[in-house]
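Fold and contact review
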Amino acid sequence: MSDRVRPLRRWLREMIILGGASSVLALALAAIEPRALGGWLAAYAFWTSLPIGALCLVMMMRLIPGAWREELAPAGESALLLLPLALIAALPIFAGLPALYDWVGGVSGGGFRGHYLTPWFFVARTLLFYAVSGTLAFLLVRRRDWSTPVASAGLIVFVLIDTTVVIDWLMSLDPEFHSSGFGLYVLSIQTTVALAALILVRLLRAEPSESTVVLGSLLLTALLLWAYFAFMQYLISWSGNFPSNVLWYQRRAGGVWSLAEYAIGALALAPAFLLLFSPVRRGPGWLIALSVAVLSGKALEMAWLVLPTVSAALALTLVVTMLAFAGLGLLSVAAFVWAMHALASLLAERAEGGASP
Amino acid sequence: MREPAPTTPSFGLMAEFDRPERLMESVRRAREAGFRRMDAYSPFPIDGLAEELGFRDRRVPRLTLFGGVFGAAVGYGMQVYTNLAFPIEIGGRPLIATQAFMLITFELTVLFAVLFAIGGMLALNRLPRLHHPLFDVEAFHLASADKFFLVIFSNDAMFDPGKTRGFLEGFAPVRIDVVEHTEEPE
């Protein structure tokens, strides 16, 4: 056993060192050119989707029985332990608020929006979100007897606070842009990221079982839900035809971003189409490939949501984005592997304790 | 599975079981023995029973797909036609506005897919149907309570009233009934 654990430890240490170095480099570059911090925000939005989306999925798993519990619950609950890392990754954003968000200097019109979009209130809302999510995650992992009430109340609270903070993080980049579906749209990205990652972990860790077929169906459901929210917001903005909302889309359709748009659509809709066929839904190899495609599409989508608003030098911003994605990614994967081990030993300890009163 | 026409002497033979596992086992052994035209009845869905019976009918999924494609074409085509036949300029919107047409196209896709699925299922099952020969067997109403039935149709190539009855007795069923054809109306 120790022969297997030691290389794993070394691997984890290397990943943490490499990820930490990459993150520090990204932040150092962003310190030189503050607006390049948008790259960090994009990576932050993508990688925090893993614990945040997993929180939503784990609460649903507690309420909705079925094969997905055995298949995804262990990895899903481990992903919850990444919430503290997400909070740490938010700190550079707090520090760089004036560079990222135009509303820091004051918004046109003032009024309620002027009071709502202030730095201290922004930070307070994000901290409150992590406090509530962390409490929910703690209750889900340590107080299993309460799972029905915690998950039922938690899902309602979670959807409200998550849609609130993602509007802060991503929609307020453009304070003139209004979309009431934006929160749910980003929530669908977050749950899709978490689901694809959990499917990947499930299939890479153990042999596929009889019920692996449900994973393909779940991924298809998540992609269709995403397509619905993404298209709804677009259709409503298109029909309303107001300059602020049209500009938001126009900025994201110019130059290289128009290619990104097609790539985002293709990396979600092509997997969704392939998942209609039962051999694809049943094939572990297919599911692994499609999960990777979906994850890369969603990473691109987070960059597409953030970067077109950031008016820094594109080359530097892209370097910071790459470094931040790689850095936070390595740290997240290392933390995830650690969390899977920690949770497994915690549950084993509890099972032993229960056996000998 | 085509049911026997009234030209055969009887409709078939029916064995009654009290446990789902017994029904599954009997279906498997009857298939192994070479029987093909048979059907099973149970109060609740039994996982894997349709596969054991050799049910590989894909017509309903195909009809659903056809309904969906048909609905999408009708939904989109209808909007293109009405906008071209009665053009109205609204705030600079293009006459053929694909974005806005998607809603109705989607709705009609779902509507026709579901209509074809349900309609196709009913038509292929020859429903609605007021009577079925099995209803003449007194114990058959228990198929909606707690009993499980296997029927071997008389149009099976291997069907023989005496031998098939002997074969079914080998499964130790609760009882075996001969299912007669329903009398034609005078």
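Anyway, here's the lowdown on the structure attached to this text.

About the thresholds
Residues numbered from 1 in each chain as written. Chains lettered and ligands numbered in written order. Predicted model: local features only at pLDDT ≥ 70, side-chain atom pairs only at ≥ 80, totals over all residues. Heavy atoms only, no water. Salt bridge = Lys/Arg side-chain N within 4 Å of Asp/Glu carboxyl O. Helix = DSSP H or I, 4+ residues; strand = E, 2+ residues; numbered from the N terminus. Buried < 20%, exposed > 50% of the residue type's maximum accessible area, 1.4 Å probe, protein only. Contact = heavy atoms within 4.5 Å. Buried area = accessible area lost by both parts, 1.4 Å probe. Polar contact = N/O pair within 3.5 Å; in protein donor to acceptor, adjacent residues only side chain to side chain. Nonpolar A, V, L, I, M, F, W, Y, C, P; charged D, E, K, R; others polar.

Residue and element names in this part refer to chain B. Tallied over the entire structure, the rule returns 17 salt bridges over all chains. A salt bridge links Arg28 to Glu25, with the nearest nitrogen and oxygen atoms 3.0 Å apart. Of this pair, Arg28 and Glu25 both sit in helix H1 (residues 20-33), separated by three residues, roughly a single helical turn. With its nearest N and O atoms 4.0 Å apart, the salt bridge here joins Lys147 to Asp146. The class of Lys147 is buried, set by a relative accessible area of 17%. Members of the salt-bridge network, linked through shared partners, are Glu25, Arg28, Arg29 and Glu52.

This paragraph deals with unusual backbone geometry. Residue Pro128(B) is reached from Leu127(B) by a cis peptide bond, and omega for that bond is 0°. Mapped onto the elements of the fold, Pro128(B) is located in the loop between helix H4 (98-124) and strand S3 (148-153). Positioned with a positive phi, Asn241(A) is a non-glycine residue whose angle comes to about 60°. Relative to the helices and strands, Asn241(A) is located in the loop between helix H11 (213-240) and helix H12 (243-251). Its identity is not glycine, yet Ala172(B) carries a phi of approximately 50°, on the positive side. Mapped onto the fold, Ala172(B) is located in the loop between helix H5 (161-169) and strand S4 (175-179).

Taken residue by residue, the interface counts six residues in chain A and eight residues in chain B. For the pairing of chain A and chain B, the buried interface totals around 510 Å² over both sides, and the portion due to carbon and sulfur atoms is 79%. Area buried by chain A at its contact with chain B is led by Phe231(A), Leu235(A) and Trp238(A), which between them contribute 76% of it. Our count for the contact surface shared by chain A and chain B stands at one residue pair in polar contact (both at pLDDT 80 or more). For the side of chain A that touches chain B, the per-class residue count stands at five nonpolar, one polar and no charged.

Keep in mind these numbers describe shape, not what the thing actually does.
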